[in-house]
Amino acid sequence: MGIVQQDGSRRATTALPSKSPLQARPEIAILGAGIGGLALAIGMIRRGVAVTIYEAAEEFSAVGAGIGFGPNALNSIDLLDPRFRQMYEAAATANERPEFEHSVFDALYAEEGFGEKRGWKRGLVGAPYFFRSSAHRKDLLQIMTELIPEGVVKFNKRAKSIHQSNNNVTIAFDDGQTITVDALIGCDGVKGATRGLVLGKTHPEQVAPTYCNMYIYRGIIPMKDCKEVLGQHAGDAKWFMRKDQGVAIYPIQKGAAENFVFFVNDHKGWTGPPVAIPRTKEEMREDLAGFDERLLKLLDWAQPLQWPTYHHPKTHTYFKGRICLLGDVAHATTPHQAAGASQGLEDAVVLSRLLAAVQNPDELDAAFRVYDRIRRPRAQRVAQTSYEAGVMYSWNDPNFGDDMQKIVDNANERLHWIWQHDLKGDADNAEAEFLQMTRGSEKSSTVVTVNGSGMKHKL
Ligand SMILES: Cc1cc2nc3c(=O)[nH]c(=O)nc-3n(C[C@H](O)[C@H](O)[C@H](O)COP(=O)(O)OP(=O)(O)OC[C@H]3O[C@@H](n4cnc5c(N)ncnc54)[C@H](O)[C@@H]3O)c2cc1C
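A brief structural summary. (Residues numbered from 1 in each chain as written. Predicted model: local features only at pLDDT ≥ 70, side-chain atom pairs only at ≥ 80, totals over all residues.)

Before going further, it helps to spend a moment on the overall build of the protein chain. Within the protein chain, the regular secondary structure consists of 14 helices and 23 strands. Sorting the 459 residues of the protein chain into buried and exposed places 47% on the buried side. Nonlocal contacts in the protein chain, meaning residues at least 24 apart in sequence, comprise 74% of its contacts between residues at least 6 apart. (Helix = DSSP H or I, 4+ residues; strand = E, 2+ residues; numbered from the N terminus. Buried ≥ 20, exposed ≤ 12 C-beta atoms within 10 Å, placed from the backbone. Contact = placed C-beta atoms within 7 Å.)

Here you go:
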């Protein structure tokens, strides 16, 4: 099979051997080359499944921001491709001081003095098995790209219309090309169009992303400047909190820079279009009046933008027919548990395993059904609890108010189920369930993988 080009010819999609026994498998396209789409492609390619990614942008987005990975994210990248983990570790950044090695953040007050006047010194959130690990998104995307053969990602391909019939999906791009595939995996982000195709008819109220009643300001500051500004508080992950506002900082780029994100609760609601709007430094400072002056100094390095944040707290299903959702388009979350991208990675582990077991297009329905059953409850719970964490960290949860010790204690309880999840168990169960549905057997299929040298081997 191949993608149908405008001239009616068919084109092979990835670097599979020309006489591969896998050729009877369905033709699958991914829409969107963010962390979710790339992760799925890495998992599929490693298992010998052909795929092409269509991405609207001209090139990979190098938006200046960091990303933190918890143990479940690291577990996911291990399962997608062991080389991914090695390459990530080489680029990842830990907290600088040994006493913060196991903390996802140290909670402090955002007010003048960071809480010292109240006698508050430290509020570690973490676990003995947790190792702080973050990366620059640009580095992460670079690593992921290196794991995908050249030509698999097609840039400048913005889908302008997607049409599903019983047995296939036709996508028209704004450059005039049209393709028809057996299935489309929508990895097109929180505002992605594929969400409407899956939910529009049955749950129209769930299609549009929900404003989190929160916007952010963010930036990256060179570590030497950060040390001048924050002194001993630079170099490690910290969360400075106050009523309705906060700022999270953490080191990236092997300690050469510090990433920061200011969170601001917005009780008025976002009335404009769902895009970032320009803000001057003075406007940001005014908005954040009441922070310790050292934190406000970080704004000298902030992007001059106010970003509204959106999530998908409810998603009734992750698939309809031959269109299936993965990543933020399915379950975008607020960033308060630093777990949004990790859910896309987990999706990719389970879905790539299932798609590797699919032998013909008729089996796609079973694969998507199992994926939805296994992944949706967990990913939606992450979205829901991340929102709750944001309410608590901004001192709006009546159970905790501004009691920092109670907030830290709760934070220390709430992340284990995310971090310690048995993802391999999920993937094993998914495959067994799929085989039971399609072939009446729980026996694991023989999965052919393609290693770095292009050699095929069995798992
Ligand atoms: C401030 C902030 C901090 C965060 N911190 C963390 C963290 O520490 N840890 C963590 O795990 N997560 C974090 N997240 C969440 C994480 O960033 C997201 O979950 C993740 O990046 C989503 O990846 P994605 O691939 O699903 O979507 P996206 O990254 O949005 O990618 C979607 C892609 O689809 C393309 N696209 C869209 N429409 C079309 C179309 N019509 N045709 C073709 N292409 C299209 C887009 O160009 C884009 O490249 C954070 C989020 C925010 C906002």
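Following the structure, the description resumes.
Among all residues save glycine, negative phi is the norm, and among peptide bonds the norm is trans. Look at Asn213: it is not a glycine, yet its phi comes out positive at around 55°. Judged by local crowding, Asn213 falls into the buried class, with 20 C-beta atoms found within 10 Å. We note that Ala338 has phi near 45°; this positive angle belongs to a residue other than glycine. Structurally, Ala338 can be placed in the loop between helix H9 (328-331) and helix H10 (340-357).

This next bit is on the environment of Thr202. Within the secondary structure, Thr202 sits in the loop between helix H5 (194-199) and strand S14 (210-222). A sequence separation of 115 residues divides Thr202 from Thr317, and the C-alpha atoms of the two residues are 9.8 Å apart.

Each pair of packed helices can be described by the angle between their axes along with the distance between the axes. In contact at an axis separation of 9 Å, helix H11 (residues 364-393) and helix H14 (residues 423-439) are set at 140° when each is read in the N-to-C sense. In the packing of H11 onto H14, the handedness of the crossing is right-handed. Together, Ala366, Ala367, Val370, Tyr371 and Ile374 of H11 and Asp426, Asn429, Ala430, Glu433, Phe434, Met437 and Thr438 of H14 make up the contact between the two elements. Split by residue class, the contact of H11 with H14 holds 8 nonpolar, 2 polar and 2 charged. (Axes fitted to C-alpha atoms, helices over the stretch in contact; angles between N-to-C directions. Left-handed = near helix turned anticlockwise from the far one by under 90°. Nonpolar A, V, L, I, M, F, W, Y, C, P; charged D, E, K, R; others polar.)

Turning our attention to the site of the ligand. Around the ligand sit 36 residues in total, of which Gly32, Gly34, Gly189, Gly327 and Gly340 are the nearest. Taken together, the elements giving at least two residues each to the shell around the ligand come down to helix H1 (35-46), strand S5 (66-68), S14 and H10. Within the shell around the ligand, the residues separate by chemical class into 17 nonpolar, 13 polar and 6 charged. Residue-level mapping places the shell around the ligand at the junction of two domains, with at least three residues from each of domain 1 (3-67 + 138-209 + 313-458) and domain 2 (96-132 + 211-311). (Near = placed C-beta within 6 Å. Domains from an automatic or database assignment.)

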